[in-house]
Amino acid sequence: MTDIVVVGSLNVDVVVPLHELPAPGQTVLGAADHRRTGGGKGANQAVAAARLGRRVAMVGAVGIDADGDWLLGLIAAEGVATESVLRAPRPTGQAIVLVTADGDSTIAVSSGANMWLAPEHLAPLRDLLGSARAVLLQQEVDAAVVAEAVRLAEGLVVLNPAPARPVDPATLARVDVLVPNRGELAALAGAPPTDAGVDGLAAMARSLGTRGPVVVTLGGDGALVVTTDRQWLVPAEQVDAVDATGAGDTFCAALADALLDGAAIDEAARWASRAAAVTVTRPGAMAAAPRRAEVPTAA
Ligand code: ATP
């Protein structure tokens, strides 16, 4: 049986190191070589869950092109089952990531095959989605695909509503655990981008109508767990941060992993926080996800 089905995006990330980010209309020559890596929140979370030892199947779409072959090979080598990744008559998704040595970045994404995926493509995957112990989703595919996958899921549903986009109330009502960051939470709650403190964030989280807890990730400030009657902060681990890209993806995968072991939400958030902190100490996103043995045990 599959532990976790991830429904989401697969991208080729082209990372271009620059001294400075270009202004509109400007061309900036990079001094160092660019890197090509696997990416997309879906693929990142699938690989993170597989590295934690979970049986993971990916549902998504790549193009009928060399990038698609390469991406599928990459995640299959990590142990992710790729039979349910469709080949689309559209190019494989690409993210062009311009990044400076200071860590500033500008990212342009061409969704390509990811946005080709449509709800009807999930009909043959009904058994896979229905029998998975958990279905883990993000929002880099069409909202209707997210809604349909959630409708077909019978196990635990974990939604990472990234990037910020509206989610229909029926989908939110079926979500067991919602994992937004601060901006995504504000967008879902219809609030302006906010410096709200813990109480304000908790009020927003409770206004969404999910059927389970909301875990708000707060970068280096940790994660806020909100249930109907309680809220508490899980502090971030103290680490030497190298690159926080992908921390949220590892966090979501590890949270689902712990919940499948029967952990309570606070314990699961502490495990996710320790796993995400390892990702922060390494460059890259997908490549930085830790294997289970690399995540420190609780102090
Ligand atoms: P991304 O989209 O880049 O993956 P995100 O906005 O979804 O990021 P964050 O809130 O930045 O996610 O980070 C997720 C979790 O990772 C945090 O809740 C925290 O547990 C951990 N984390 C992030 N940054 C740090 C840091 N500097 N030190 C320790 N832990 C961190």
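Residues numbered from 1 in each chain as written. Predicted model: local features only at pLDDT ≥ 70, side-chain atom pairs only at ≥ 80, totals over all residues. Heavy atoms only, no water.

- As recorded by an unreviewed UniProt entry, the protein carries the name Ribokinase and is attributed to Micromonospora matsumotoense.
- Recorded in UniProt under Pathway (unreviewed entry), the annotation for the protein is "Carbohydrate metabolism; D-ribose degradation; D-ribose 5-phosphate from beta-D-ribopyranose: step 2/2."
- Here the protein is described in UniProt, under the heading Subunit (unreviewed entry), as follows: "Homodimer." (UniProt positions renumbered as here; feature names shortened; annotations may be inferred.)

**Digging into the site of the ligand**
In step 1: Taken together, the neighbourhood of the ligand is formed by 20 residues, with Asn181, Thr217, Gly219, Gly222 and Gly248 sitting nearest.
In step 2: Glycine 219 places a main-chain nitrogen or oxygen 2.8 Å from an oxygen atom of the ligand.
In step 3: Between glycine 222 and the ligand, the recorded distance is 2.9 Å, taken from a backbone N or O atom to an oxygen atom.
In step 4: For the ligand, the accessible surface in isolation is 640 Å², of which the surrounding protein chains cover 82%.
In step 5: By residue number, the principal contributor to the shell around the ligand is helix α9 (residues 247-260), which donates 4 residues.
In step 6: Among the residues forming the shell around the ligand, the class breakdown is 9 nonpolar, 8 polar and 3 charged. (Near = heavy atom within 4 Å. Polar contact = N/O pair within 3.5 Å; in protein donor to acceptor, adjacent residues only side chain to side chain. Areas by Shrake-Rupley, 256 points an atom, 1.4 Å probe, with all protein chains shown as cover. Helix = DSSP H or I, 4+ residues; strand = E, 2+ residues; numbered from the N terminus. Nonpolar A, V, L, I, M, F, W, Y, C, P; charged D, E, K, R; others polar.)

**Some points on the sheet that holds strand β3 (residues 35-39)**
In step 1: On the basis of which strands lie adjacent, the open sheet formed by 4 strands has the order β3-β2-β6-β7 and mixed pairing. A strand with exactly one partner marks an edge of an open sheet, and here the two such strands are β3 and β7 (105-110). The sheet shows a mean angle of 20° between the axes of neighbouring strands, direction not considered.
In step 2: The pairing of strand β2 (residues 11-18) with strand β6 (residues 93-100) spans 8 bridges and is parallel. Looking across to β6, one finds that aspartate 13 is bridged to alanine 95.
In step 3: Packed on one face of the sheet, helix α2 (residues 66-77) meets β2, β3 and β6 and runs near 65° to β3. (Pairing = 2+ DSSP bridges. Axes fitted to C-alpha atoms, helices over the stretch in contact; angles between N-to-C directions. Contact = heavy atoms within 4.5 Å.)

**Details of the UniProt feature "active site" (unreviewed entry) in the protein**
In step 1: Per the UniProt record, "active site" (unreviewed entry) is annotated on Asp249.
In step 2: Not counting the four nearest positions on each side in its chain, aspartate 249 is found in contact with Lys41, Asn44, Gln45, Ala48 and Asn160.

**Considering the UniProt feature "binding site: substrate" (unreviewed entry) in the protein**
In step 1: Annotation from UniProt places "binding site: substrate" (unreviewed entry) at Asn11, Val12, Asp13, Gly40, Lys41, Gly42, Ala43, Asn44, Glu140 and Asp249.
In step 2: For glycine 40, the location among the structural elements is in the loop between β3 and α1 (41-51).
In step 3: With sequence-adjacent residues up to four places away left out, glycine 40 is seen in contact with Ser9, Asn11, Asp13 and Glu140.
In step 4: By the element assignment, glycine 42 lies in helix α1.
In step 5: Judged by its relative accessible area of 0%, glycine 42 falls in the buried class. (Buried < 20%, exposed > 50% of the residue type's maximum accessible area, 1.4 Å probe, protein only.)

**Considerations on the packing of aromatic side chains**
In step 1: Scanning the entire structure with this criterion turns up 0 aromatic pairs.
In step 2: The cationic tip of arginine 36 hangs over the ring face of tryptophan 70; the distance from NZ or CZ to the ring centre is 4.4 Å.
In step 3: Stacked on the ring of tryptophan 232, the Lys or Arg arginine 230 has its end atom at 4.2 Å from the ring centre. (Phe/Tyr/Trp six-rings, centres within 6.5 Å; stacked < 30°, edge-to-face > 60°. Lys NZ or Arg CZ within 6 Å of the ring centre and 35° of its normal.)

**What to know about unusual backbone geometry**
In step 1: Cis peptide bonds are those with omega within 30 degrees of zero, and the linkage from alanine 162 to proline 163 qualifies with -5°.
In step 2: Locating proline 163 in the fold gives a position in the loop between β9 (156-159) and α6 (169-174).

**Let's talk about the pairing of strand β8 (residues 134-137)**
A regular strand places its side chains so that they alternate between the two faces of the sheet.
In step 1: Of the two faces of β8, the one lined by Ala134 and Leu136 and the one lined by Val135 and Leu137 are each fully buried.
In step 2: In this structure, strand β1 (residues 4-7) lies alongside β8, joined through 4 bridges in parallel fashion. Within β8, the position partnered with isoleucine 4 by the bridge is alanine 134.
In step 3: By the bridge criterion, 4 bridges tie β8 to β9 in an arrangement that is parallel. Along β9, the bridge assignment pairs alanine 134 with leucine 156.
In step 4: For the handedness criterion, the β-α-β arrangement of β8, helix α5 (residues 143-152) and β9 is classed as right-handed. (Right-handed = clockwise from strand over helix to strand, strands pointing away.)

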